[in-house]
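Understanding the architecture of this molecule
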Amino acid sequence: MKTKKIFDLDAYVTTLDTIVLDSHESDREEYKGCFEVITKESIFSPKGGGQNADKGTINGINVKDVLTIDGELIHFVEGEIKAGDKASLSIDFELRKRRMQVHNAEHLICGLFHKRFGFDNVGFHVSEEYDGDTLLRVEAVMDIDGIVNDDEIKKIEEDANRAIGENVQIYASLPTHEEAQSIDFRSKIDIEDNLRLVIIDGYDVCACCAPCLKSSGEIQVVKILDYFVHRGGMRLTLVAGMDAVKDYAFLHTQNKEFMRLLSSKREDCASSLESKLIHCNEEHEEINNLKKEITKIYLKDIFSNPEYENKKYIVCFAPSFDEVMARNLINETVAKKECALTVCFDNKNDSFRFVTGKSDALDISLKDLATKIRNDLSGRGGGSDKMIQGSIPADEENIIKFFANLETD
Ligand SMILES: [Zn+2]
(Lines give C-alpha, C1' and ligand atoms only; values in the text may rest on other atoms or scores of the structure.)
Protein backbone atom coordinates (compact mmCIF):
# COMPACT_ATOMS: atom_id res chain seq x y z
CA MET A 1 0.00 0.00 0.00
CA LYS A 2 3.07 2.21 0.60
CA THR A 3 2.20 5.89 0.29
CA LYS A 4 4.35 8.06 -1.93
CA LYS A 5 6.02 10.56 0.37
CA ILE A 6 6.10 13.83 -1.54
CA PHE A 7 8.06 15.59 1.23
CA ASP A 8 10.97 13.19 0.79
CA LEU A 9 12.19 15.13 -2.22
CA ASP A 10 10.09 18.31 -2.10
CA ALA A 11 9.27 19.90 1.25
CA TYR A 12 7.54 22.88 -0.36
CA VAL A 13 4.33 21.21 -1.52
CA THR A 14 1.80 22.50 0.99
CA THR A 15 -1.47 21.28 -0.56
CA LEU A 16 -2.19 18.09 -2.46
CA ASP A 17 -5.22 16.34 -3.95
CA THR A 18 -5.05 12.56 -3.84
CA ILE A 19 -7.26 9.59 -2.95
CA VAL A 20 -7.82 7.56 0.20
CA LEU A 21 -6.55 3.99 -0.12
CA ASP A 22 -7.67 2.79 3.29
CA SER A 23 -9.54 4.16 6.27
CA HIS A 24 -11.00 2.77 9.46
CA GLU A 25 -11.84 4.03 12.91
CA SER A 26 -8.84 3.75 15.23
CA ASP A 27 -8.98 1.31 18.14
CA ARG A 28 -5.90 2.86 19.76
CA GLU A 29 -6.72 4.49 23.11
CA GLU A 30 -4.78 7.73 22.45
CA TYR A 31 -6.47 8.19 19.05
CA LYS A 32 -10.02 7.41 20.16
CA GLY A 33 -12.53 8.88 17.69
CA CYS A 34 -9.88 9.30 14.98
CA PHE A 35 -9.85 7.56 11.60
CA GLU A 36 -6.62 5.90 10.48
CA VAL A 37 -6.28 7.12 6.91
CA ILE A 38 -3.79 5.94 4.30
CA THR A 39 -3.57 8.03 1.14
CA LYS A 40 -1.98 7.30 -2.23
CA GLU A 41 0.45 10.18 -1.75
CA SER A 42 1.11 12.42 1.24
CA ILE A 43 2.69 15.74 2.13
CA PHE A 44 2.50 14.98 5.88
CA SER A 45 5.86 14.18 7.40
CA PRO A 46 5.31 11.63 10.22
CA LYS A 47 6.55 11.78 13.78
CA GLY A 48 10.11 10.48 14.01
CA GLY A 49 13.78 11.37 13.94
CA GLY A 50 13.42 13.78 16.84
CA GLN A 51 10.47 15.81 15.65
CA ASN A 52 6.70 15.65 15.73
CA ALA A 53 4.46 15.11 12.72
CA ASP A 54 3.32 17.95 10.49
CA LYS A 55 0.11 19.68 11.47
CA GLY A 56 -2.67 20.19 8.97
CA THR A 57 -5.99 18.95 7.61
CA ILE A 58 -7.43 16.37 5.23
CA ASN A 59 -10.68 17.53 3.59
CA GLY A 60 -10.73 20.33 6.16
CA ILE A 61 -10.65 17.88 9.08
CA ASN A 62 -7.82 18.22 11.60
CA VAL A 63 -5.04 15.65 11.45
CA LYS A 64 -4.17 14.83 15.05
CA ASP A 65 -1.00 12.88 14.31
CA VAL A 66 0.89 11.08 11.57
CA LEU A 67 2.85 7.92 12.35
CA THR A 68 4.73 5.29 10.43
CA ILE A 69 3.38 1.90 11.54
CA ASP A 70 4.70 -1.29 9.93
CA GLY A 71 6.10 0.79 7.11
CA GLU A 72 2.76 2.49 6.37
CA LEU A 73 2.20 6.23 6.68
CA ILE A 74 -0.95 6.63 8.78
CA HIS A 75 -2.83 9.93 9.25
CA PHE A 76 -4.95 10.04 12.40
CA VAL A 77 -7.84 12.23 11.25
CA GLU A 78 -10.35 13.63 13.74
CA GLY A 79 -13.41 12.72 11.63
CA GLU A 80 -14.67 10.18 9.15
CA ILE A 81 -13.07 9.82 5.74
CA LYS A 82 -13.87 6.75 3.63
CA ALA A 83 -11.62 4.58 1.49
CA GLY A 84 -11.96 5.64 -2.13
CA ASP A 85 -12.79 9.25 -1.15
CA LYS A 86 -10.95 12.13 -2.71
CA ALA A 87 -8.53 13.61 -0.17
CA SER A 88 -7.46 17.21 -0.12
CA LEU A 89 -4.33 17.54 2.06
CA SER A 90 -3.03 20.78 3.54
CA ILE A 91 -0.15 21.31 5.97
CA ASP A 92 0.91 24.12 8.31
CA PHE A 93 3.91 25.35 6.32
CA GLU A 94 4.97 28.00 8.84
CA LEU A 95 5.61 25.25 11.41
CA ARG A 96 7.34 23.03 8.85
CA LYS A 97 9.59 25.87 7.67
CA ARG A 98 10.71 26.78 11.17
CA ARG A 99 11.39 23.14 11.98
CA MET A 100 13.36 22.72 8.74
CA GLN A 101 15.43 25.81 9.57
CA VAL A 102 16.53 24.55 12.97
CA HIS A 103 16.82 20.94 11.76
CA ASN A 104 19.05 21.82 8.81
CA ALA A 105 21.04 24.16 11.06
CA GLU A 106 21.62 21.13 13.28
CA HIS A 107 22.84 19.13 10.25
CA LEU A 108 25.24 21.92 9.44
CA ILE A 109 26.60 22.15 12.98
CA CYS A 110 26.87 18.36 13.33
CA GLY A 111 28.60 18.20 9.94
CA LEU A 112 31.15 20.77 11.11
CA PHE A 113 31.75 18.93 14.41
CA HIS A 114 32.15 15.69 12.46
CA LYS A 115 34.61 17.16 9.96
CA ARG A 116 36.68 18.99 12.55
CA PHE A 117 36.65 16.57 15.48
CA GLY A 118 35.17 13.31 14.16
CA PHE A 119 32.25 13.63 16.60
CA ASP A 120 28.91 12.02 15.91
CA ASN A 121 25.43 13.23 16.63
CA VAL A 122 23.90 10.94 19.28
CA GLY A 123 20.62 12.72 20.03
CA PHE A 124 18.28 15.25 18.50
CA HIS A 125 14.93 16.73 19.43
CA VAL A 126 12.89 19.65 18.10
CA SER A 127 10.30 21.28 20.34
CA GLU A 128 7.75 24.04 19.91
CA GLU A 129 6.32 26.56 22.30
CA TYR A 130 2.78 27.79 21.69
CA ASP A 131 0.57 30.50 23.14
CA GLY A 132 -2.86 29.09 22.35
CA ASP A 133 -2.70 28.55 18.59
CA THR A 134 0.19 30.96 18.06
CA LEU A 135 3.57 29.35 17.46
CA LEU A 136 5.98 31.32 19.64
CA ARG A 137 9.24 29.49 19.26
CA VAL A 138 10.91 26.43 17.76
CA GLU A 139 14.16 25.17 19.21
CA ALA A 140 16.32 22.08 18.94
CA VAL A 141 18.42 20.16 21.42
CA MET A 142 21.28 18.09 20.03
CA ASP A 143 23.83 15.77 21.63
CA ILE A 144 27.33 15.06 20.34
CA ASP A 145 29.70 12.36 21.59
CA GLY A 146 32.69 14.59 22.36
CA ILE A 147 33.63 17.68 24.34
CA VAL A 148 35.08 20.96 23.08
CA ASN A 149 35.84 24.29 24.74
CA ASP A 150 33.96 27.60 24.52
CA ASP A 151 36.18 28.94 21.73
CA GLU A 152 35.58 25.88 19.54
CA ILE A 153 31.80 26.19 20.01
CA LYS A 154 32.02 29.85 19.02
CA LYS A 155 34.06 28.93 15.95
CA ILE A 156 31.62 26.18 14.90
CA GLU A 157 28.74 28.64 15.24
CA GLU A 158 30.57 31.22 13.14
CA ASP A 159 31.40 28.67 10.46
CA ALA A 160 27.79 27.47 10.38
CA ASN A 161 26.61 31.04 9.85
CA ARG A 162 29.25 31.51 7.17
CA ALA A 163 27.88 28.43 5.39
CA ILE A 164 24.40 29.92 5.69
CA GLY A 165 25.68 33.10 4.05
CA GLU A 166 27.20 31.09 1.20
CA ASN A 167 23.68 29.93 0.39
CA VAL A 168 24.76 26.45 -0.70
CA GLN A 169 22.27 23.97 -2.06
CA ILE A 170 20.43 21.58 0.27
CA TYR A 171 18.71 18.54 -1.21
CA ALA A 172 17.62 15.02 -0.42
CA SER A 173 18.47 11.88 -2.35
CA LEU A 174 17.22 8.31 -2.19
CA PRO A 175 20.18 6.14 -3.14
CA THR A 176 19.83 2.40 -3.72
CA HIS A 177 21.55 0.01 -1.35
CA GLU A 178 24.39 -0.43 -3.89
CA GLU A 179 24.78 3.32 -4.49
CA ALA A 180 24.89 3.91 -0.72
CA GLN A 181 28.00 1.72 -0.38
CA SER A 182 30.14 4.33 -2.13
CA ILE A 183 28.78 7.35 -0.24
CA ASP A 184 30.36 8.64 2.98
CA PHE A 185 27.54 9.86 5.19
CA ARG A 186 26.74 10.46 8.83
CA SER A 187 24.14 8.18 10.35
CA LYS A 188 22.85 7.43 13.82
CA ILE A 189 21.51 4.03 12.80
CA ASP A 190 22.48 1.35 10.31
CA ILE A 191 19.98 1.91 7.56
CA GLU A 192 19.65 -0.92 5.08
CA ASP A 193 16.56 -0.04 3.08
CA ASN A 194 14.82 3.20 2.24
CA LEU A 195 17.95 5.24 2.84
CA ARG A 196 17.35 8.94 2.43
CA LEU A 197 20.23 11.37 2.58
CA VAL A 198 20.09 15.09 3.22
CA ILE A 199 23.00 16.84 1.58
CA ILE A 200 24.25 20.32 2.42
CA ASP A 201 26.56 20.93 -0.49
CA GLY A 202 30.19 20.95 0.65
CA TYR A 203 29.30 20.66 4.32
CA ASP A 204 27.35 17.56 5.24
CA VAL A 205 25.77 14.33 4.09
CA CYS A 206 23.48 12.75 6.66
CA ALA A 207 20.85 10.03 6.76
CA CYS A 208 17.60 11.75 7.71
CA CYS A 209 13.86 11.25 7.21
CA ALA A 210 12.69 14.82 7.84
CA PRO A 211 11.77 17.43 5.18
CA CYS A 212 14.65 19.73 4.24
CA LEU A 213 15.15 23.25 2.90
CA LYS A 214 16.38 24.02 -0.63
CA SER A 215 19.34 26.14 0.36
CA SER A 216 21.39 27.02 3.43
CA GLY A 217 20.46 30.70 3.05
CA GLU A 218 16.93 29.82 4.10
CA ILE A 219 18.22 28.95 7.60
CA GLN A 220 18.89 32.74 7.84
CA VAL A 221 20.93 32.46 11.03
CA VAL A 222 21.74 29.88 13.69
CA LYS A 223 22.48 30.61 17.32
CA ILE A 224 23.76 28.14 19.91
CA LEU A 225 21.88 29.33 22.98
CA ASP A 226 23.35 26.98 25.51
CA TYR A 227 25.72 24.04 25.83
CA PHE A 228 27.02 21.85 28.61
CA VAL A 229 28.82 18.57 29.20
CA HIS A 230 26.31 15.73 29.09
CA ARG A 231 26.88 11.97 29.33
CA GLY A 232 30.51 12.17 28.30
CA GLY A 233 29.67 14.44 25.35
CA MET A 234 27.87 17.74 25.03
CA ARG A 235 24.27 18.90 24.78
CA LEU A 236 23.60 22.02 22.72
CA THR A 237 20.42 24.07 22.35
CA LEU A 238 19.88 25.85 19.02
CA VAL A 239 17.50 28.30 17.46
CA ALA A 240 17.47 29.38 13.81
CA GLY A 241 15.76 31.84 11.48
CA MET A 242 13.32 34.30 13.03
CA ASP A 243 13.52 32.38 16.32
CA ALA A 244 17.19 33.39 16.50
CA VAL A 245 16.41 36.97 15.39
CA LYS A 246 13.71 37.25 18.06
CA ASP A 247 16.10 35.86 20.65
CA TYR A 248 18.68 38.49 19.67
CA ALA A 249 16.07 41.24 19.92
CA PHE A 250 15.05 39.93 23.35
CA LEU A 251 18.64 39.96 24.60
CA HIS A 252 19.15 43.43 23.15
CA THR A 253 16.12 44.76 25.04
CA GLN A 254 17.40 43.12 28.21
CA ASN A 255 20.85 44.57 27.71
CA LYS A 256 19.38 48.06 27.21
CA GLU A 257 17.63 47.67 30.56
CA PHE A 258 20.89 46.54 32.18
CA MET A 259 22.65 49.57 30.68
CA ARG A 260 20.03 51.85 32.20
CA LEU A 261 20.08 50.15 35.62
CA LEU A 262 23.87 50.01 35.80
CA SER A 263 24.48 53.36 34.04
CA SER A 264 26.87 51.39 31.93
CA LYS A 265 28.01 51.19 28.34
CA ARG A 266 26.66 48.30 26.26
CA GLU A 267 29.90 46.33 26.37
CA ASP A 268 30.58 47.01 30.07
CA CYS A 269 27.39 45.67 31.69
CA ALA A 270 28.93 42.46 33.04
CA SER A 271 32.01 44.11 34.57
CA SER A 272 29.87 46.93 35.89
CA LEU A 273 27.52 44.44 37.55
CA GLU A 274 30.44 42.49 38.93
CA SER A 275 31.94 45.56 40.63
CA LYS A 276 28.50 46.48 41.99
CA LEU A 277 28.16 42.97 43.48
CA ILE A 278 31.62 43.21 45.06
CA HIS A 279 30.61 46.56 46.55
CA CYS A 280 27.34 45.03 47.81
CA ASN A 281 29.20 42.19 49.50
CA GLU A 282 31.54 44.65 51.18
CA GLU A 283 28.58 46.68 52.41
CA HIS A 284 26.88 43.53 53.59
CA GLU A 285 29.93 42.63 55.61
CA GLU A 286 30.07 46.13 57.09
CA ILE A 287 26.41 45.94 58.05
CA ASN A 288 27.00 42.59 59.73
CA ASN A 289 29.89 44.03 61.70
CA LEU A 290 27.75 46.98 62.78
CA LYS A 291 24.99 44.60 63.83
CA LYS A 292 27.51 42.72 65.98
CA GLU A 293 28.66 46.03 67.53
CA ILE A 294 25.09 47.06 68.32
CA THR A 295 24.40 43.64 69.86
CA LYS A 296 27.51 44.06 72.03
CA ILE A 297 26.20 47.42 73.35
CA TYR A 298 22.91 45.79 74.39
CA LEU A 299 24.81 42.86 75.92
CA LYS A 300 26.97 45.24 77.95
CA ASP A 301 23.86 47.03 79.21
CA ILE A 302 22.21 43.78 80.30
CA PHE A 303 25.27 42.82 82.36
CA SER A 304 25.95 46.28 83.84
CA ASN A 305 22.48 47.71 84.42
CA PRO A 306 21.53 47.23 88.13
CA GLU A 307 17.88 47.04 87.04
CA TYR A 308 18.51 43.59 85.59
CA GLU A 309 20.34 42.18 88.59
CA ASN A 310 18.77 39.06 90.10
CA LYS A 311 15.90 39.23 87.62
CA LYS A 312 14.42 36.01 86.22
CA TYR A 313 12.67 37.81 83.37
CA ILE A 314 14.55 40.47 81.47
CA VAL A 315 12.84 42.34 78.67
CA CYS A 316 14.82 44.43 76.27
CA PHE A 317 13.49 46.79 73.56
CA ALA A 318 15.74 46.95 70.52
CA PRO A 319 13.94 48.71 67.67
CA SER A 320 16.86 48.38 65.24
CA PHE A 321 17.19 44.61 65.72
CA ASP A 322 16.23 41.83 63.40
CA GLU A 323 15.51 38.25 64.42
CA VAL A 324 19.10 37.08 63.97
CA MET A 325 20.39 39.88 66.21
CA ALA A 326 17.72 39.08 68.82
CA ARG A 327 18.70 35.40 68.86
CA ASN A 328 22.41 36.25 69.09
CA LEU A 329 21.82 38.61 72.01
CA ILE A 330 19.73 35.97 73.77
CA ASN A 331 22.29 33.18 73.23
CA GLU A 332 25.16 35.30 74.51
CA THR A 333 23.16 36.47 77.52
CA VAL A 334 21.67 33.18 78.71
CA ALA A 335 25.02 31.41 78.37
CA LYS A 336 26.40 33.58 81.18
CA LYS A 337 23.34 34.73 83.13
CA GLU A 338 20.57 32.68 84.66
CA CYS A 339 17.51 34.39 83.18
CA ALA A 340 14.85 34.39 80.48
CA LEU A 341 15.57 37.21 78.06
CA THR A 342 12.84 38.61 75.83
CA VAL A 343 13.97 40.87 72.99
CA CYS A 344 11.24 43.03 71.45
CA PHE A 345 11.98 44.49 68.01
CA ASP A 346 10.41 45.56 64.72
CA ASN A 347 7.78 47.82 66.26
CA LYS A 348 5.03 48.30 63.68
CA ASN A 349 1.39 49.41 64.12
CA ASP A 350 1.60 49.17 67.94
CA SER A 351 2.91 45.63 67.80
CA PHE A 352 6.35 44.17 68.55
CA ARG A 353 7.93 41.02 67.25
CA PHE A 354 9.69 39.14 70.03
CA VAL A 355 12.05 36.28 70.73
CA THR A 356 12.52 34.79 74.21
CA GLY A 357 15.26 32.40 75.27
CA LYS A 358 16.37 31.10 78.62
CA SER A 359 19.41 29.61 80.29
CA ASP A 360 19.32 25.85 80.82
CA ALA A 361 19.56 26.22 84.59
CA LEU A 362 16.46 28.39 84.87
CA ASP A 363 13.50 26.26 85.87
CA ILE A 364 10.64 27.82 83.90
CA SER A 365 8.69 26.65 80.86
CA LEU A 366 8.89 28.88 77.81
CA LYS A 367 5.95 27.03 76.27
CA ASP A 368 3.89 28.10 79.28
CA LEU A 369 5.19 31.64 78.84
CA ALA A 370 4.04 31.58 75.18
CA THR A 371 0.57 30.50 76.34
CA LYS A 372 0.52 33.35 78.89
CA ILE A 373 1.60 35.88 76.23
CA ARG A 374 -1.23 34.65 74.01
CA ASN A 375 -3.79 34.79 76.85
CA ASP A 376 -2.79 37.97 78.69
CA LEU A 377 -1.40 40.10 75.85
CA SER A 378 -3.35 38.69 72.87
CA GLY A 379 0.05 37.80 71.43
CA ARG A 380 0.85 35.22 68.81
CA GLY A 381 3.59 32.68 68.63
CA GLY A 382 5.18 29.63 70.14
CA GLY A 383 8.29 27.52 69.88
CA SER A 384 10.32 25.13 71.98
CA ASP A 385 11.18 25.13 75.66
CA LYS A 386 14.54 26.73 74.75
CA MET A 387 13.24 29.56 72.57
CA ILE A 388 9.90 31.05 71.59
CA GLN A 389 9.03 33.78 69.11
CA GLY A 390 6.03 35.66 67.84
CA SER A 391 4.37 39.05 68.15
CA ILE A 392 2.83 41.07 70.94
CA PRO A 393 0.25 43.77 70.14
CA ALA A 394 1.06 45.95 73.15
CA ASP A 395 3.15 49.03 73.96
CA GLU A 396 6.41 49.06 75.92
CA GLU A 397 4.71 49.97 79.19
CA ASN A 398 2.27 47.06 79.11
CA ILE A 399 4.93 44.58 78.09
CA ILE A 400 7.20 45.73 80.94
CA LYS A 401 4.25 45.44 83.35
CA PHE A 402 3.50 41.91 82.12
CA PHE A 403 7.05 40.70 82.78
CA ALA A 404 7.25 42.56 86.14
CA ASN A 405 4.11 40.66 87.23
CA LEU A 406 5.76 37.37 86.22
CA GLU A 407 8.71 38.23 88.42
CA THR A 408 6.51 38.51 91.53
CA ASP A 409 4.28 35.52 90.73
ZN1 LIG B 1 17.99 15.17 10.22
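Values in this document were obtained by computation on a predicted structure and should not be read as measured data. (Residues numbered from 1 in each chain as written. Predicted model: local features only at pLDDT ≥ 70, side-chain atom pairs only at ≥ 80, totals over all residues. Heavy atoms only, no water.)

A few words now on the coordination of the zinc ion. Every protein donor of the zinc ion is accounted for by His-103 (NE2), His-107 (NE2) and Cys-208 (SG), and the metal-donor separations fall at 2.1 to 2.3 Å. Binding-site remark: the zinc ion is held by donors from one chain whose sequence spacing is H-x3-H-x100-C. Of this pair, His-107 sits in helix 1 (residues 93-117) while Cys-208 sits in the loop between strand 13 (204-207) and strand 14 (222-230), and the two are 101 residues apart along the sequence. With relative accessibility at 2%, the residue His-107 sits in the buried group. Exposure remark for Cys-208: the relative accessible area of 12% places this residue in the buried category. (Donors = N, O, S within 2.8 Å, 3.2 Å for Na, K, Ca; no water. Helix = DSSP H or I, 4+ residues; strand = E, 2+ residues; numbered from the N terminus. Buried < 20%, exposed > 50% of the residue type's maximum accessible area, 1.4 Å probe, protein only.)

Backbone geometry places Asn-59, a non-glycine residue, at a positive phi of 50°. Take Asn-59: it is sitting in the loop between strand 5 (56-58) and strand 6 (61-69). Here Asn-310, not a glycine, exhibits a phi torsion of approximately 55°, which is positive. Residue position: Asn-310 is located in the loop between helix 5 (269-304) and strand 16 (313-317). Asn-310 gets classed as exposed once you look at its relative accessible area, which sits at 77%.

Quick look at helix 2 (residues 150-165) now. Between the first and last C-alpha of helix 2 there are 23 Å, a value that for 16 residues agrees with the 22 Å anticipated at 1.5 Å per step. Among the residues of helix 2, Ile-153, Ile-156, Glu-157, Asp-159, Ala-160, Ala-163 and Ile-164 are the ones counted as buried. Buried residues along helix 2 cover an arc of 165° about the axis, so they all sit on one side. Along helix 2, exposed side chains directed more than 90 degrees from the buried face belong to Asp-150, Asp-151, Lys-154 and Gly-165. Where helix 2 starts, the residue carrying a side-chain oxygen 3.2 Å from the main-chain nitrogen of Asp-151 turns out to be Asn-149. Looking one or two places after helix 2, you find Asn-167, whose phi comes out positive at around 50°. (Expected span 1.5 Å × (residues − 1). Arc of directions from axis to C-beta. Polar contact = N/O pair within 3.5 Å; in protein donor to acceptor, adjacent residues only side chain to side chain.)

This part takes up the sheet that holds strand 13. Pairing in this open sheet of 3 strands is antiparallel, and the strands run 11-12-13 from one edge to the other. The strands lining the two open edges of the sheet, one partner per strand, are strand 11 (170-173) and strand 13. Pairs of neighbouring strands in the sheet enclose a mean axial angle of 20°, with direction left out of account. Where strand 12 (residues 197-200) and strand 13 come together, 4 bridges link them in antiparallel fashion. Bridged to Ile-199 within strand 13 is Val-205. Where helix 1 meets the sheet, it contacts strand 11, strand 12 and strand 13, and its direction lies at approximately 75° from that of strand 12. (Pairing = 2+ DSSP bridges. Axes fitted to C-alpha atoms, helices over the stretch in contact; angles between N-to-C directions. Contact = heavy atoms within 4.5 Å.)

Our next topic: the environment of Arg-374. Along the polypeptide, Arg-374 turns up in helix 7 (residues 366-377). Residue classification places Arg-374 among the partly exposed residues on the basis of a relative accessible area of 36%. Distance in space between the C-alpha atoms of Arg-374 and Ile-392 is 8.2 Å, their sequence separation being 18 residues. Not counting chain neighbours up to four residues away, the residues in contact with Arg-374 comprise Gly-379, Arg-380, Gly-381 and Gly-382.

On to the packing of helix 4 (residues 241-262) against helix 5. The N-to-C vectors of helix 4 and helix 5 enclose an angle of 45°; their axes lie 10 Å apart at closest approach. With respect to their mutual orientation, helix 4 and helix 5 come out oblique. Where helix 4 crosses over helix 5, the handedness of that crossing is left-handed. Contacts between helix 4 and helix 5 pair Asn-255, Phe-258, Met-259 and Leu-262 from the former with Cys-269, Ser-272, Leu-273 and Lys-276 from the latter. For the contact of helix 4 with helix 5, the class distribution of residues is 5 nonpolar, 2 polar and 1 charged. (Parallel < 35°, antiparallel > 145°, perpendicular 65-115°, else oblique. Left-handed = near helix turned anticlockwise from the far one by under 90°. Nonpolar A, V, L, I, M, F, W, Y, C, P; charged D, E, K, R; others polar.)

Looking now at the domain arrangement of the protein. When cut into domains, the protein gives domain 1 (4-91), domain 2 (95-262) and domain 3 (296-408). A C-alpha centroid distance of 65 Å is found between domain 2 and domain 3. (Domains from an automatic or database assignment.)

Right, let's get into the packing of aromatic side chains. Inspection of every chain in the model, using the stated rule, returns 9 aromatic pairs. Pairing Phe-402 with Phe-403 gives two aromatic rings, centres 5.1 Å apart and planes at 85°, and the pair type is edge-to-face. Positioned above the aromatic ring of Phe-303 is the side chain of Lys-337, whose terminal nitrogen or guanidinium carbon lies 5.8 Å from the ring centre. (Phe/Tyr/Trp six-rings, centres within 6.5 Å; stacked < 30°, edge-to-face > 60°. Lys NZ or Arg CZ within 6 Å of the ring centre and 35° of its normal.)

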